[in-house]
Amino acid sequence: MIRTRFMPIALACVLALVPGPTALAGRPSGPPKAALKPLPPPAAAGSIAPRLAAGEGGATWLSWIEPRTSGGGALRIAKLDDNRWSPPRTVADGDSLVGNWANVPQVIALGGTRLAAAWLWASGPDPEASEVRLALSSDDGRSWSAPVVPHRDGTATEHGFVSLLPAGDGVRAVWLDGRNFARPAGDSAAGAGHDEAHGGGAEMTLRTAVLHPGGALSDEALLDARVCDCCGTAIASASGAALVAYRDRGAAEVRDVAVVREEGERWSEPRPVHADGWTIHGCPVNGPALDAIGDRVVAAWYTAAADTPRVRVAFSEDGGRSFGPAASVDAGAPLGRVDVALLDDGAALVIWVEGDGPNASLRLRRVGRDGTPWLPVTIAQLSSSRASGFPRFVRSGSRIVFAWTEPGKPSHLRVAAAKL
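Residues numbered from 1 in each chain as written. Predicted model: local features only at pLDDT ≥ 70, side-chain atom pairs only at ≥ 80, totals over all residues. Heavy atoms only, no water.

**Some words on the nonpolar core**
Nonpolar side chains in soluble globular proteins tend to be buried together.
Consideration 1: Counting 23 residues, the largest nonpolar core has L206, L223, V244, Y246 and W267 as the members making the most contacts within it.
Consideration 2: In terms of nonpolar packing, the next biggest core, distinct from the first, is built from 20 residues, I351, V353, V377 and L382 among them. (Core = buried A, V, L, I, M, F, W, Y, C linked by side-chain atoms within 4.5 Å. Buried < 20%, exposed > 50% of the residue type's maximum accessible area, 1.4 Å probe, protein only.)

Okay, structure coming up:
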């Protein structure tokens, strides 16, 4: 079976696309007028952890983890051209492939037929211990380079929540790095994991490196020495510089979203996107999303500051050096799990999971260039459990493609698209 961490994946209800017209564009005074088109992916029953990436010519790449008949899991990919899927291809597989509802692999397009992939591999008896593995393909994923581990600490601790960005002839990876949780051999607490409730003074860190063809690593750097333990990361290119968003962890346990920016051969100091002031003694497993076109950047994130859950969006006009006011876009009971994309007119689309007791819905909202939220749209009905995972969407050519997990016995992946 696929190795999982955090809580076991609950199996719940069936998802369904909302019938009738659904809006991605239009005016605030009325609902949008575009229909979703289901695009059943070539993923086996029992698959989880979908992730999307835009390719060239309007193509879209889907990656996921599916169970193997012989046991363990496989990281698989397929390309969507127009409305047709390529045959699925395997990036990596084995009994040690790590996957769960939140800490998922990623595959991105680097240009032409080049791809990059990141996944997690169990690295010790501690169920939390995993290493990041990176690989490159030059033939649309038919073959892959030998995997490279971008962190050289050699500790059997947690590494994960990876984000990828094209970087020159290779790929930049950003990940959460738990090397500071390593315990001396023979320590009676060894194998206990790094649950923040256990204390011990160790810190999760945020690190980066660039992988080049041939397996060489460069630009290895510590970006932040104390971050939230299991909230996902995000990365985008803002005017040619890498911009990373993540959930920070202050000395007083304030866990607001922060960014660091590549500045030549250095990295900026962490800066908050918005001072929410969310103090929480534990990780909410709810990372930010990021997108950029030139100097314009959009960030989306979940917060529950002052015991008030919110999904917020903020824009930057200077490549992420500073952000404007934060707009709340949820309907009052968000579970978070956000994703975001910029549009050519400077507006943004944001998706999130909105809760309603045991049920939930995948919502979408357009946020105007001035931060004004437009009417919300329901994309799908789903379970509020973690089994629904993190829905994703990507702008690819002239349309938006969505992907999510439908819990069940077994689970299934759902993909749908709408014209812009």
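And the narrative resumes.
**Considering the packing of aromatic side chains**
Consideration 1: Tallied over the entire structure, the rule returns three aromatic pairs.
Consideration 2: Ring centres of F393 and F402 lie 5.8 Å apart, and the angle between their planes is 15 degrees; on these two criteria the pair is classed as stacked.
Consideration 3: Among the residues examined, F393 registers a relative accessible area of 5% and is labelled buried.
Consideration 4: Just above the ring of W374 sits the side chain of R366; from NZ or CZ to the centre is 4.5 Å. (Phe/Tyr/Trp six-rings, centres within 6.5 Å; stacked < 30°, edge-to-face > 60°. Lys NZ or Arg CZ within 6 Å of the ring centre and 35° of its normal.)

**So, the sheet that holds strand β23 (residues 310-316)**
Consideration 1: With respect to topology, four strands assemble into an open sheet ordered β21-β22-β23-β24, the strand pairing being antiparallel. Whereas interior strands pair on both sides, the edge strands pair on one side only; in this sheet they are β21 (289-293) and β24 (327-328).
Consideration 2: Pairing of β23 with β24 involves two bridges; the strand directions are antiparallel. Its bridge partner lying in β24, R312 is registered against S328. (Pairing = 2+ DSSP bridges. Helix = DSSP H or I, 4+ residues; strand = E, 2+ residues; numbered from the N terminus.)

**Side note on the confidence of the model for the protein chain**
Should the pLDDT be low somewhere, the predicted coordinates at that spot are not to be read in detail.
Consideration 1: Mean pLDDT over the protein chain: 88, with 87% of residues reaching 70 or higher.
Consideration 2: The low-confidence segment residues 1-34 (pLDDT under 50) makes 103 contacts with residues lying over four places distant or belonging to another chain.
Consideration 3: This stretch, residues 184-200, has a pLDDT under 50; its non-local contacts, to residues over four places away or in other chains, come to 20 contacts. (pLDDT = per-residue confidence, 0-100. Contact = heavy atoms within 4.5 Å.)

**Regarding the pattern of salt bridges**
Consideration 1: Under the defined criterion, the tally for this structure stands at 25 salt bridges.
Consideration 2: In this structure, E66 engages R76 in a salt bridge whose closest nitrogen and oxygen atoms are separated by 3.4 Å. Of the two residues, E66 sits in strand β4 (residues 60-67) while R76 sits in strand β5 (residues 73-81), which places them ten residues apart along the sequence.
Consideration 3: One salt-bridge network, held together by shared partners, links E203, R226, D229, R249, E253 and R255. (Salt bridge = Lys/Arg side-chain N within 4 Å of Asp/Glu carboxyl O.)

**A few points about the sheet that holds strand β13 (residues 170-177)**
Consideration 1: The sheet built from four strands is open, its strands ordered β12-β13-β14-β15 with antiparallel pairing. Edge positions in the open sheet fall to β12 (159-167) and β15 (217-227), since each of these has one partner strand only. Each strand axis lies, on average, 15 degrees off the axis of its neighbour in the sheet, ignoring direction.
Consideration 2: Pairing analysis gives seven bridges linking β13 to strand β14 (residues 204-211), with the strands arranged antiparallel. Bridge pairing in β14 places L176 opposite L206. (Axes fitted to C-alpha atoms, helices over the stretch in contact; angles between N-to-C directions.)

**Quick notes on the pairing of β12**
For a regular strand, the rule is simple: side chains alternate between the two faces of the sheet.
Consideration 1: Counting buried positions along β12 yields eight of nine residues, so the element is predominantly enclosed.
Consideration 2: The pairing of β12 with β13 spans seven bridges and is classified as antiparallel. In the strand pairing of β13, P166 is matched with V171.
Consideration 3: What sits between β12 and β13 in their antiparallel hairpin is a turn of two residues, with G168 showing a positive phi close to 60 degrees.

**Some remarks on the layout of surface pockets**
Consideration 1: Considered as a void within the structure, the largest pocket measures approximately 1000 Å³ in volume.
Consideration 2: Contributing to the lining of the largest pocket are 43 residues, with L52, Q106, I235, L290 and D291 lying nearest its centre.
Consideration 3: Per-element tally for the lining of the largest pocket: the top contributor is β12, with six residues.
Consideration 4: Looking at the lining of the largest pocket residue by residue, the classes come out as 30 nonpolar, eight polar and five charged. (1 Å grid on protein atoms, 1.4 Å probe; cavity = no way out; pocket = protein on both sides within 12 Å on 5 of 7 lines; lining within 4 Å. Points joined across faces, edges and corners; volume = space filled by probe spheres on them. Nonpolar A, V, L, I, M, F, W, Y, C, P; charged D, E, K, R; others polar.)

**Examining the side chain of T233**
Consideration 1: Examined against the element boundaries, T233 turns out to sit in the loop between β15 and β16 (234-238).
Consideration 2: Among the polar contacts made by the side chain of T233, one reaches the main-chain carbonyl oxygen of F161 at a distance of 2.8 Å.
Consideration 3: Separated by 2.8 Å, the side chains of T233 and S163 make a polar contact.
Consideration 4: Apart from residues no more than four positions distant in its own chain, T233 is found in contact with F161, V162, S163, V174, L176, L206, A245, Y246 and P288. (Polar contact = N/O pair within 3.5 Å; in protein donor to acceptor, adjacent residues only side chain to side chain.)

**Focus: the side chain of H212**
Consideration 1: Mapped onto the fold, H212 is located in the loop between β14 and β15.
Consideration 2: Polar side-chain contacts of H212 include one of 2.7 Å to the side chain of D169.
Consideration 3: Separated by 2.6 Å, the side chains of H212 and S218 make a polar contact.
Consideration 4: If we ignore the near neighbours within four places in the chain, the residues touching H212 are L136, D169, G170, L217 and S218.

**What about the pairing of β5?**
Consideration 1: Most of β5 sits inside the fold, with eight of its nine residues counted as buried.
Consideration 2: Joining the antiparallel neighbours β4 and β5 is a turn of five residues, in which G71 adopts a positive phi near 105 degrees.
Consideration 3: In this sheet, strand β6 (residues 84-85) lies alongside β5 in antiparallel orientation, the contact comprising two bridges. Of the residues in β6, the one forming a bridge with D81 is R84.
Consideration 4: Counted between consecutive antiparallel strands, the loop separating β5 from β6 contains two residues, among which D82 sits at a positive phi close to 55 degrees.

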